[in-house]
Structures are given as C-alpha cells and as structure tokens.
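Structural description and commentary
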Amino acid sequence: MQIDARGLSCPQPVLLTQQALKSQPASVEILVDNKTAEGNVTRFAAKAGYSVAVREENGDFILTLTK
Amino acid sequence: MKNRKLALLLSGLLIGAIAVALVYFGNPKNMGFCIACFIRDIAGATGMHQAAVVQYIRPEILGLVLGAFVMSLLGKEFSPRGGSAPVTRFCLGFMVMVAALVFLGCPLRMVLRIAGGDLNAVIGLVGFAAGILAGVLFLKKGYSLKRTYRQPLMEGLLFPGIQVVLLVLLLAAPALLIFSESGPGSMRAPIFIALAAGLIVGALAQRTRLCMVGGIRDLVMFKDWTLLLGFLGILIAALVGNIIFGWFKLSMVGQPVAHIDGLWNALSMFAVGLGSVMLGGCPLRQLILAGEGNSDSAVTVFGYLVGAAFAHNFKLASAATAIAEDGSISGGPTMGGKVVTIAIIVLLLVLAIANTKQEKAK
C-alpha cells in the first residue's frame, strides 16, 4: 500500500497515516515532500508501533513503515 | 520524541518571556506579540485603513518572517511551494483576521491575555477550542484544500523580500508611513529590540513548528501533546512575567485592549479556530510558512492584511471596553462586527463542506 501525502497541509499526512494503519497492515509507504510532515508521520508511526525507514528521492521523502 | 517535547516547552517559555519583555520595552499590555493586531497596524501604517490609533510597521512581524526564512535556509528547509486553493486561502485569511479583530487578538494574544488574568480571553479560548473541534470533524471527513506544488525560487523569495522592503522603509523613510500618535499603535518597543524579538521567535517557531491551533487539534486527533506544550510554555512564562512586573490582574472588566462581551468573544474565536484549522495553522504559523517559501501561506497573510483594512474601514473591529467616571460603558463589538461574525461562521461552514469529500477506500 502506498499513500501519497505530498503537498498536503497539516495535519493531513498524519491523518492519512492514521487511517492507513487502522487495518494494521504489515507495511505501508507514505510519500511526503517536506521535513515537517516527515517528522510528524515518523513520530506518529513510531507511537503506533511501526519502525520507519526514510529515503529521499528528488526532494520527496519516502517513508516505509513496517510493523 | 522526548527531545521534541522539551524543545517545544522551552521555546514556549522563551517566547512567553520575550512577549513580556516587549511589554516592558513599550508594547501595549498583554500584547507583547499579536499577529492579528500587528498586521492590522501594518495595514494602518501603509494607509490601507485610517484608524489613527492602530498604525505602525511592527518590526516583530518582519522579524518573524525573516527569522523563519534564515532558519529554513540554514536547515535546508526553504522550499518554494504553492498552488493549493490560493483564493480560498485568501478568503479564509480575510475572515480569520476580521474575526480576530472582533475578539481583539489572534490565538497567540489570546494566550498572553489569559496570562495577564483577562477572563474574557478564557471565554475566547472556549470558543476557539470549539472552533478547532468543528474543524477536526471536517478534517476527519476528508476536508482538504488539495496539494501544493513546487514553485520557482523567486516565488518563495518574494514574501521575505517584501519584509526587507518594509524594514528599509521603516528605517530609511518613516515619513512615507503613517504612525499612531496615541492608542495601542503608539505604544511600541524600540525598533531593534522588536526586530530582534521577532527574529528569535521566528527562528524558534520555524524549528519547533509551534502552532497555536495545532496544539489542541493534535491532542484531539492523535492524542499528541507536543504542540500544546508550546502553547502551555508561553502561558506559564507570560503568567510568571506578568506577576513579577505586577501586571497580572484577574478580572473581566478593565483589561488592556479587551472588551467584555462574552458571547462575541466566544463566537469570534470560534471562527478563528475553525478558519485556522481549515488553513492548516494559526496566524503565527502562516507567517513562518510564508518565510519558508510557502506562497499559499503568503497569500493567506495578504488575506489577513486586507481583512484587517476592511475590519477598520467598515467598522467591524471591536473597540476596547472603556468605563467613564459616571459609570457608562463604551466600546465592545460593533453591530457590523456581530453581523459579519455570524456571516463568517456560516461562510466558513459552507467552504468546509464544499472542500470535504469522503475519500473512497482504495
């Protein structure tokens, strides 16, 4: 599952992450395009018990959340 | 994660202390910082409205934007972006500003007023929190102003550039501007102290993502206290500072630049809360984002500026309550202000509904 949260205002990237994690998937990819959203999603995912790997691609951040 | 919470709390404490220091150096009481009031003063100084008591180029605002701009460059976070419903954002900014001037302050000043013992601001906070909750309901149902996109470098540089132009005007050609000779606009900290305060707060707010709306919003939506700690830090430091200087006075009547009409304090802040959630952040946060190159936030600030001018040109802004020697009370919200506050709440709800679409499961 991949969620494109690029360019969305606060707190939509975290909200989309919250909704994606509801079904407790083994892994999800979240795309964001700024450090604020990257930090917010990372913290939320960690709190929900997911580990987060971040890679940067053309100025976007691809966050891989795994349980 | 602990570090970030600590950073927010410490930044809040510092910002609260700086706000009290600005009052010490000359700003109006409970108005060390007020984004709405200060943008309104800038609108006055440039002749966009003629309310003689609230006209001045507030260096705090210029500093906030430039502090965030420099900090975002240092942190490699400066990023020109825009294109997310700019006209809607302009209108939201306009409405948030008019409502804030019916209350007499932005969310940041609301906190500073509470820290001064102003119970009218506590009523404002109740309305503000209710407005945020209403906004959260729309967010949960899929409210969005859609995406921003990358913009050319110059698009992001223009807004910080405008602050530099205003600063040059203030320093080199003040005769071109209109400055209040009495009233709140005449009460001001020295230029370089005010500018330095703005720069520091702008840098801190950029680093920590401090937001007066985000605190309550994130607590409700994600049980996340982080941003609220900034809000609490400001409240605590300003409260302690006000007590130290003997400015703390717990009352409704006789508060500096405030009115005592509870219903309109609550309703106007309801509109500020709802409108700010719809914008993705409070007026302070919009200034910071504009400094980081976000042109949607810059458009929002232009909405604030024009809203402030309209609020005074059409007598929508409230006047501070004054009690004469014979006991007669003047001031408070105007008839126009009351009508427009209701209209703003209705319009905000219409815009919220229009931009809410239930996302289909993928």
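Quick summary incoming for the structure in this document. All of these numbers come straight from a predicted model, not from anything done at the bench. (Residues numbered from 1 in each chain as written. Chains lettered and ligands numbered in written order. Predicted model: local features only at pLDDT ≥ 70, side-chain atom pairs only at ≥ 80, totals over all residues. Heavy atoms only, no water.)

**Digging into the overall build of chain B**
Note the cut-off: Helix numbers and strand numbers start at the N terminus; a helix is a DSSP run of H or I with at least 4 residues, a strand a run of E with at least 2. Throughout, the radius of gyration refers to the C-alpha atoms, and the reference size of a globule is 2.2 Å times the residue count to the power 0.38. Burial classes follow relative accessibility: with a 1.4 Å probe on protein chains only, a residue under 20% of its type's maximum area counts as buried, one over 50% as exposed, and anything between as partly exposed. Contacts: residue pairs with any heavy atoms within 4.5 Å of one another. Neither His nor the chain ends contribute to the count of charged residues, in which Lys and Arg are positive and Asp and Glu negative. Just so you know, the charge point we use is NZ for Lys, CZ for Arg, CG for Asp and CD for Glu.
When helices and strands are counted, chain B shows 14 helices and 4 strands. Its C-alpha radius of gyration of 19 Å places chain B within 12% of the 21 Å reference for a compact globule of 362 residues. By principal-axis analysis of the C-alpha atoms, chain B measures approximately 70 × 45 × 40 Å. Out of the 362 residues in chain B, the part that is buried amounts to 57%. The contacts in chain B between residues at least 6 apart in sequence include a share of 80% that link residues at least 24 apart. Here chain B holds 28 positive side-chain charges and 14 negative ones, and the gap between their average locations is 10 Å.

**Some thoughts on the interface of chain A and chain B**
Rules: When two parts are put together, the accessible area they lose, computed with a 1.4 Å probe and summed over both, is reported as buried area. Any Lys or Arg side-chain nitrogen found within 4 Å of a carboxyl oxygen on Asp or Glu counts as a salt bridge. Polar contacts, as used here, are pairs of N or O atoms within 3.5 Å; protein pairs need one atom able to donate a hydrogen and one able to accept it. Residues neighboring in sequence count only if both atoms are side-chain atoms.
Taken together, the contact between chain A and chain B spans 23 residues of the former and 26 residues of the latter. For the pair chain A and chain B, the summed buried area comes to about 1900 Å², and 47% of that belongs to carbon and sulfur atoms. Here chain A is connected to chain B by 3 salt bridges. The interface formed by chain A and chain B holds 13 residue pairs in polar contact (both at pLDDT 80 or more) in total. Looking at the side of chain A that touches chain B, the elements that each hand over two or more residues are helix H1 (12-21) and helix H2 (35-47) of chain A.

**With respect to the pairing of strand E4 (residues 60-66) of chain A**
All names here are of chain A. Where we set the bar: Here the rule is simple: two strands pair whenever DSSP picks up at least two bridges between them.
E4 sits mainly inside the fold: 5 of its 7 residues count as buried. Pairing of strand E2 (residues 27-32) with E4 involves 6 bridges; the strand directions are antiparallel. Bridging across to E4, Ile 30 finds its partner in Leu 63. Hairpin connection from strand E3 (residues 51-57) to E4: 2 residues lie between these consecutive antiparallel strands, with Asn 58 at a positive phi of about 50 degrees.

**Description of the sheet that holds E3 of chain A**
All names here are of chain A. Heads up, the rule is: Lines fitted to C-alpha atoms define the axes, with helix axes restricted to the stretch in contact, and inter-axis angles between N-to-C directions lie between 0 and 180 degrees.
Taken in spatial order, the 4 strands of this open sheet run E1-E2-E4-E3, and their pairing is mixed. Looking along the sheet, the strands with just one partner apiece sit at the ends: strand E1 (2-4) and E3. Taken over all neighbouring pairs, the strand axes of this sheet differ in orientation by 20 degrees on average, direction set aside. Looking at chain direction, E3 and E4 are connected through 7 bridges and run antiparallel. In the sheet register, Glu 56 faces E4, and the bridge partner there is Phe 61. Against the sheet, H2 engages E2, E3 and E4, with an angle of about 5 degrees to E4.

**Focus on the state of the cysteines**
Residue and element names in this part refer to chain B. Quick note on the threshold: Sulfur atoms of two cysteines make up a disulfide when they are within 2.5 Å.
Counting across every chain of the model gives 1 disulfide over all chains. One disulfide in the model links Cys 34 with Cys 37; its S-S distance is 2.3 Å. Its S-S torsion of about 65 degrees marks the bond between Cys 34 and Cys 37 as right-handed, since a negative value means left-handed. Here Cys 34 matches Cys 37 in class, with each residue buried. Summary of cysteine pairing: Cys 211 is not part of a disulfide, and the nearest cysteine sulfur, belonging to Cys 282, is at 4.0 Å. Taking the relative accessible area as the measure of exposure, Cys 211 reaches 2% and is therefore buried.

**A word on the packing of aromatic side chains**
Residues and elements named next belong to chain B. In plain terms, the rule: Two rings from Phe, Tyr or Trp (for Trp, the six-membered ring) form a pair when their centres are within 6.5 Å of each other. A pair whose planes differ by under 30 degrees is stacked, one over 60 is edge-to-face, and the rest are tilted.
Inspection of every chain in the model, using the stated rule, returns 9 aromatic pairs over all chains. Seen from their ring centres, Tyr 24 and Phe 25 are 5.3 Å apart, and the 80 degrees between their planes marks the pair as edge-to-face. With a centroid separation of 5.3 Å and 25 degrees between ring planes, the pair formed by Phe 310 and Phe 314 is classed as stacked. Residue class for Phe 314 comes out exposed when judged on its relative accessible area of 53%.

**Regarding a positive patch on the surface**
Inclusion rule: The residues that make up patches have over 30% relative accessible area and no salt bridge, and they are joined within 9 Å when like-charged or within 5 Å when they are Val, Leu, Ile, Met, Phe, Trp or Tyr. What sets the accessible areas is the Shrake-Rupley method with a 1.4 Å probe; for residues, cover comes only from the shown protein chains.
On the surface, Lys 22 and Lys 47 of chain A together with Lys 140 and Lys 223 of chain B cluster together into a positively charged patch. Following the sequence through the fold, Lys 223 of chain B ends up in the loop between helix H9 (212-222) and helix H10 (226-245).

**Some details on the nonpolar core**
Generally speaking, a soluble globular protein has its nonpolar side chains buried in company with each other. Applied cut-off: Here, the term nonpolar core denotes a set of buried Ala, Val, Leu, Ile, Met, Phe, Trp, Tyr and Cys residues that are joined through side-chain atoms within 4.5 Å.
Grouped together as the largest cluster of nonpolar side chains are 118 residues, with contacts concentrated most on Ile 30 of chain A together with Phe 33, Ile 35, Met 110 and Leu 287 of chain B. Among the elements that make up this core, the one with the highest residue count is helix H4 (residues 86-103) of chain B (9 residues). Discounting residues that sit within four places of it in the chain, Met 110 of chain B has contacts with Phe 103, Ala 121, Gly 124, Leu 125, Phe 128, Phe 231 and Met 269 of chain B.

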